[in-house]
There are 4 protein chains.
Amino acid sequence: MVLERAIFEATLADLEAVGYARLTMDGVAHRARTGKTSLYLRWPGKADLVAAAVEHAVADQSEPSDTGTIRGDLLAAVTVIATRLDGAFGEAVRGLAAETLADPERTRRARESVVGWADRRVATVFERAVRRGEIAAASVSPWAIRLAPVLVTHEYLAHGAPIPEAALADIVDQVVLPVVGVAPPPPAAA
Amino acid sequence: MVLERAIFEATLADLEAVGYARLTMDGVAHRARTGKTSLYLRWPGKADLVAAAVEHAVADQSEPSDTGTIRGDLLAAVTVIATRLDGAFGEAVRGLAAETLADPERTRRARESVVGWADRRVATVFERAVRRGEIAAASVSPWAIRLAPVLVTHEYLAHGAPIPEAALADIVDQVVLPVVGVAPPPPAAA
Amino acid sequence: MVLERAIFEATLADLEAVGYARLTMDGVAHRARTGKTSLYLRWPGKADLVAAAVEHAVADQSEPSDTGTIRGDLLAAVTVIATRLDGAFGEAVRGLAAETLADPERTRRARESVVGWADRRVATVFERAVRRGEIAAASVSPWAIRLAPVLVTHEYLAHGAPIPEAALADIVDQVVLPVVGVAPPPPAAA
Amino acid sequence: MVLERAIFEATLADLEAVGYARLTMDGVAHRARTGKTSLYLRWPGKADLVAAAVEHAVADQSEPSDTGTIRGDLLAAVTVIATRLDGAFGEAVRGLAAETLADPERTRRARESVVGWADRRVATVFERAVRRGEIAAASVSPWAIRLAPVLVTHEYLAHGAPIPEAALADIVDQVVLPVVGVAPPPPAAA
DNA sequence: CCTTAATCGAGACGGTACGTCGTGTCTTTAT
DNA sequence: ATAAAGACACGACGTACCGTCTCGATTAAGG
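Residues numbered from 1 in each chain as written. Chains lettered and ligands numbered in written order. Predicted model: local features only at pLDDT ≥ 70, side-chain atom pairs only at ≥ 80, totals over all residues. Heavy atoms only, no water.

## As for the relation of the copies chain B and chain A
And then number 1: When chain B is fitted to chain A, the best match, at an RMSD of 0.1 Å, comes from turning it 179 degrees and sliding it 0.1 Å along the axis. Within this description, the copies of the chain are treated as partners about a two-fold rotation axis.
And then number 2: Both copies present the same face, since 96% of the interface residues in chain B are matched by interface residues at the equivalent positions in chain A. (Least-squares fit on C-alpha atoms with pLDDT ≥ 70 in both. Contact = heavy atoms within 4.5 Å.)

In structure tokens form, the structure reads like this:
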């Protein structure tokens, strides 16, 4: 297991260093001070390795910060997503978009995990807002939850990292808050 | 130019046949009955070629169909997007998400064009709805326009093609219509 | 080493089949049931591969046949040279004449080996003749030894294979024997 | 014809600059300030072009210098041959050894011309020696004539240019003079 | 003098081989 | 048994030339 951890770290480091497209199995093995054998014993290919490394990396979840308002919590959440995308995780997302894992079901799960962890954060934010009485429980649907993760991820795929703060605020104010029935704050005077 | 057209057609055909990941320059050249030289004379690599082929393919725009209501028009629009994604275009989207073109600015433009053409369709739908008085002009923002293309594209990237009709309807009813201030129809009894 | 042997055999077979100019690395690799990588791991290019294959092929030396007279022995020797030239070895000679190996010193050695093995055969013939008392030890110089191999090789380069027997006899009777001080036999009545 | 001359000069210049193996039709055309069309209109390929250029170059024959003795004349002759080989002509010889022209008969003639012009020089030297009474007319055979050109050319092919003067002297003293029945001078004390 | 044909330069084209790189399998050596 | 190390078969990459071709521009000869 210590080997597995070293491989994951090497994978993430290479993702960050050269990106998904130029990441090589040889390179990962070398950085992890092991041989390709050890990689192929565990994962059938590059895409599977990257998927595993990323799932491992997003596993450690801290509680989303509580700012007192749904808007503040959402801004905090999208900021976390945007920050993660600006690194190894983002590169993995690009790779998983393009390539197929050996097992189709595994592919589905890996792609799901790209936004899944972010979904859970947003869901927590919404639950808090319902408890606070800021939004109605009925307005919380899977689509409403997924909205923020998807839009931020798309922004990354289309325009790269880092995502400007203004875009994050727009996503929260012009899309997410209206969908859950909260009036966005008046735009600041330009 | 006749050669260029043949290359584009070969590229799209191969995208459809084997997908982006297994598309090869040799393969495209062979199908277009030309040599690799002619490809590299025009584009520096596979990603650039695919980007050009796709931009060429999405260029021919028909007018979005007018069903009489914003909901009908939106459903028609997302269906067109979903249909395009289930083919060469979709495969190109995957490739462009993962790979970088030779020129960064060109990369940005290519990625923009992935949803740009769909944006224009949705914008037309919204303009009609404003004229009909279904929605307020103020509720039409770039984010509102981009919403449908992004969500459909994400659905494709995450779950593959074809996208179920129910998902398309959900995107329209639960996200887009609320954001532009239209009450969605009551859910049909299951 | 078993792989190396297979590569040499494939190289010689292709030399014989298509000649030096149309021998390709791909072709050799395919015939040897290996990949180009394995070729380039060992030799920097086509010329080096062919040089190595030829040196390997001429390495197995049988004792020059002993006919009892210097003239008979020389005729046997030039016949062996001529026979070798009419095959893979001859094609390699053409290639080595025109192309340069990666390493200049290696080039010199490879070109030397083209006639070197034949020199050694002729030297043995001369030693026997000295022991028999047919020729004086003083008349055996490096130039006298090299004479036959060079003339036969030139005949091949200029007029191709197979070299007519009459030409071989002329080389022995009109050039080599006079140089070592043996009167050639009177020309057969035409 | 002025164009033809320019092409020949460009060919010889490129032979001298980069050697036969790396000479390209594009390169010659560019240096001659013409297009490839003009080359292929006249010669079917690189080997034919080089053969023609070389035949053109060796055409201008000066009378072999008369030093008063056969040995001096022979030394002068082999020096001329060695000098020519150390340049474009030598590179062409390498090419013609390896490659085949479009027309086999043409190939034969081209290869013949490599040593043919030198043969004629040596023949003249021998005629003079016969007139002087240095050698017997009977000892002048085609093989005796060809000996010097072949040995010098081989020395070039095997060891490259420039050929050391000592080797040229050895060829004359140890091989050619003995064959025509002239006792070579005693070796100089080292 | 004009025009009709030929030749030229320039370079795109279809194709073959090059030499390199990465993949995923397999073998070897050493625990 | 498992791990490191790396050789191996394979296939795609992007480049260089080949020999063919098309295309204007220029030149030359003939009406």
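Still more ground to cover, so stick around.
## Remarks on the interface of chain B and chain A
And then number 1: Counting residues at the interface gives 25 residues for chain B, matched by 25 residues for chain A.
And then number 2: Buried surface at the junction of chain B and chain A, summed over both partners, amounts to about 2500 Å²; 67% is from carbon and sulfur atoms.
And then number 3: Across the contact surface, chain B and chain A share zero salt bridges.
And then number 4: The interface formed by chain B and chain A holds five residue pairs in polar contact (both at pLDDT 80 or more) in total.
And then number 5: Secondary-structure elements contributing two or more residues to the side of chain B that touches chain A are helix 6 (88-98), helix 7 (104-132), helix 8 (142-159) and helix 9 (165-179) of chain B.
And then number 6: Considered class by class, the residues forming the side of chain B that touches chain A number 13 nonpolar, four polar and eight charged. (Buried area = accessible area lost by both parts, 1.4 Å probe. Salt bridge = Lys/Arg side-chain N within 4 Å of Asp/Glu carboxyl O. Polar contact = N/O pair within 3.5 Å; in protein donor to acceptor, adjacent residues only side chain to side chain. Helix = DSSP H or I, 4+ residues; strand = E, 2+ residues; numbered from the N terminus. Nonpolar A, V, L, I, M, F, W, Y, C, P; charged D, E, K, R; others polar.)

## Re the protein's contact with DNA strand F
And then number 1: Surveying the vicinity of DNA strand F reveals 27 residues, the closest of which are Thr34(A), Thr37(A), Tyr40(B), Thr34(C) and Thr37(C).
And then number 2: Among the atoms of DNA strand F close to the protein, meaning within 4 Å, 64% are from sugar or phosphate groups.
And then number 3: In this structure, a base oxygen belonging to DNA strand F sits 2.8 Å away from a side-chain N or O atom of Lys36(B).
And then number 4: Contact between DNA strand F and Ser38(C): a phosphate oxygen at 3.1 Å from a side-chain N or O atom of the residue.
And then number 5: Counting only elements with at least two residues in the surface near DNA strand F, the list comes to helix 3 (36-42) of chain A, helix 2 (25-31) and helix 3 (36-42) of chain B, helix 3 (36-42) of chain C together with helix 2 (25-31) and helix 3 (36-42) of chain D.
And then number 6: With four residues, helix 3 of chain A is the largest single contributor of residues to the surface near DNA strand F. (Near = heavy atom within 4 Å.)

## Some thoughts on unusual backbone geometry
Backbone phi values are negative for most residues with the exception of glycine, while trans is the configuration of most peptide bonds.
And then number 1: Residue Ala161(C) is joined to Pro162(C) through a cis peptide bond whose omega torsion reads -5 degrees.
And then number 2: Tracing the backbone through its elements, the reader meets Pro162(C) in the loop between helix 8 (142-159) and helix 9 (165-179).
And then number 3: One non-glycine residue, Arg33(B), lies in positive phi territory at about 55 degrees.
And then number 4: As for its position among the elements, Arg33(B) is in the loop between helix 2 and helix 3.
And then number 5: Residue Arg33(B) is classed as exposed on the basis of its relative accessible area of 79%. (Buried < 20%, exposed > 50% of the residue type's maximum accessible area, 1.4 Å probe, protein only.)

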